[in-house]
Amino acid sequence: MAVRMTKAWTPLEPANVKKLPGQLGVFQLADAKGQVVFIGFAGGRSLFGLRSEVEAALKAPPNGATQFRVEVNQQYTTRYQELLMVHVHDHGDVPAGNRGKPLPR
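Residues numbered from 1 in each chain as written. Predicted model: local features only at pLDDT ≥ 70, side-chain atom pairs only at ≥ 80, totals over all residues. Heavy atoms only, no water.

A. The arrangement of the overall build of the protein in detail. For the protein, the helix and strand inventory stands at three helices and four strands. With respect to the principal axes defined by its C-alpha atoms, the protein has extents near 35 × 30 × 30 Å. Within the protein, the fraction of its 105 residues that count as buried is 42%. Accessible area for the protein stands at about 6,200 Å²; split by element, carbon and sulfur atoms hold 53% of it. Distance between charge centroids for the protein: 4 Å, based on 13 positive and 8 negative side chains. (Helix = DSSP H or I, 4+ residues; strand = E, 2+ residues; numbered from the N terminus. Buried < 20%, exposed > 50% of the residue type's maximum accessible area, 1.4 Å probe, protein only. Areas by Shrake-Rupley, 256 points an atom, 1.4 Å probe, with all protein chains shown as cover. Lys, Arg positive; Asp, Glu negative; His and termini not counted. Charge placed at Lys NZ, Arg CZ, Asp CG, Glu CD.)

B. Here's a closer look at the pattern of salt bridges. Under the criterion given, the structure shown has four salt bridges. What you see here is one network of salt bridges that share partners, running through E71, R79 and E82. (Salt bridge = Lys/Arg side-chain N within 4 Å of Asp/Glu carboxyl O.)

C. Examining the sheet that holds strand β3 (residues 36–42) more closely. Taken in spatial order, the four strands of this open sheet run β1-β4-β2-β3, and their pairing is antiparallel. Sheet topology places β1 (10–11) and β3 at the edges, where each strand pairs with a single neighbour. Where strand β2 (residues 25–30) lies against β3, six bridges are found, and the strand directions are antiparallel. Of the residues in β3, the one forming a bridge with Q28 is I39. Running at roughly 25° to β2, helix α2 (residues 49–59) makes contact with β2, β3 and β4 (67–72) of the sheet. Against the sheet, helix α3 (residues 76–91) touches β2, β3 and β4, its axis set at about 165° to β3. (Pairing = 2+ DSSP bridges. Contact = heavy atoms within 4.5 Å. Axes fitted to C-alpha atoms, helices over the stretch in contact; angles between N-to-C directions.)

D. Examining the pairing of β4 more closely. Within β4, five of the six residues are buried, leaving the element largely enclosed by the surrounding structure. Bridge analysis of β1 against β4 gives two bridges, and the strand direction is antiparallel. Residue P11 lies in a different strand from β4, and its bridge partner there is Q67. Across six bridges, the pairing between β2 and β4 is antiparallel. Residue pairing for β4: F27 is matched across the bridge by V70.

E. Seen up close, the packing of aromatic side chains. By the definition in use, this model includes three aromatic pairs. Ring geometry for F27 and F38: centres 5.9 Å apart, planes at 45°, overall tilted. Here F27 is found in strand β2, whereas its partner F38 is found in strand β3, with eleven residues between them in sequence. In this structure F27 comes out as buried when scored by relative accessible area, which is 2%. On the basis of relative accessibility, which here comes to 13%, the residue F38 falls in the buried class. (Phe/Tyr/Trp six-rings, centres within 6.5 Å; stacked < 30°, edge-to-face > 60°.)

F. Spatial organisation of unusual backbone geometry. Phi is positive for N63, close to 50°, though the residue is something other than glycine. On the secondary structure map, N63 appears in the loop between α2 and β4. The exposure class assigned to N63 is partly exposed, which follows from its relative accessible area of 46%.

Here's what the structure looks like:
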């Protein structure tokens, strides 16, 4: 598995979000240019896993998000931290949508 998420982007539309599995994992939201604007995860407290977490983003897209990609992963907290660290390494800061939110220790 690559450190960076490399899956293709999917348009952030209700029909696409409805197809998502109710499983644990991580996701990224991006703007129209493919720049990551938010990194999130669906954990054990997510009602319907990835589907419900991305659906919440669909209702109020952070920082102009227009597309998403997901990764089913049982080690979602570790993978979430890894994706945040890679983003900080590449861009010097966490994505705009993650700023001001509690970050993992």
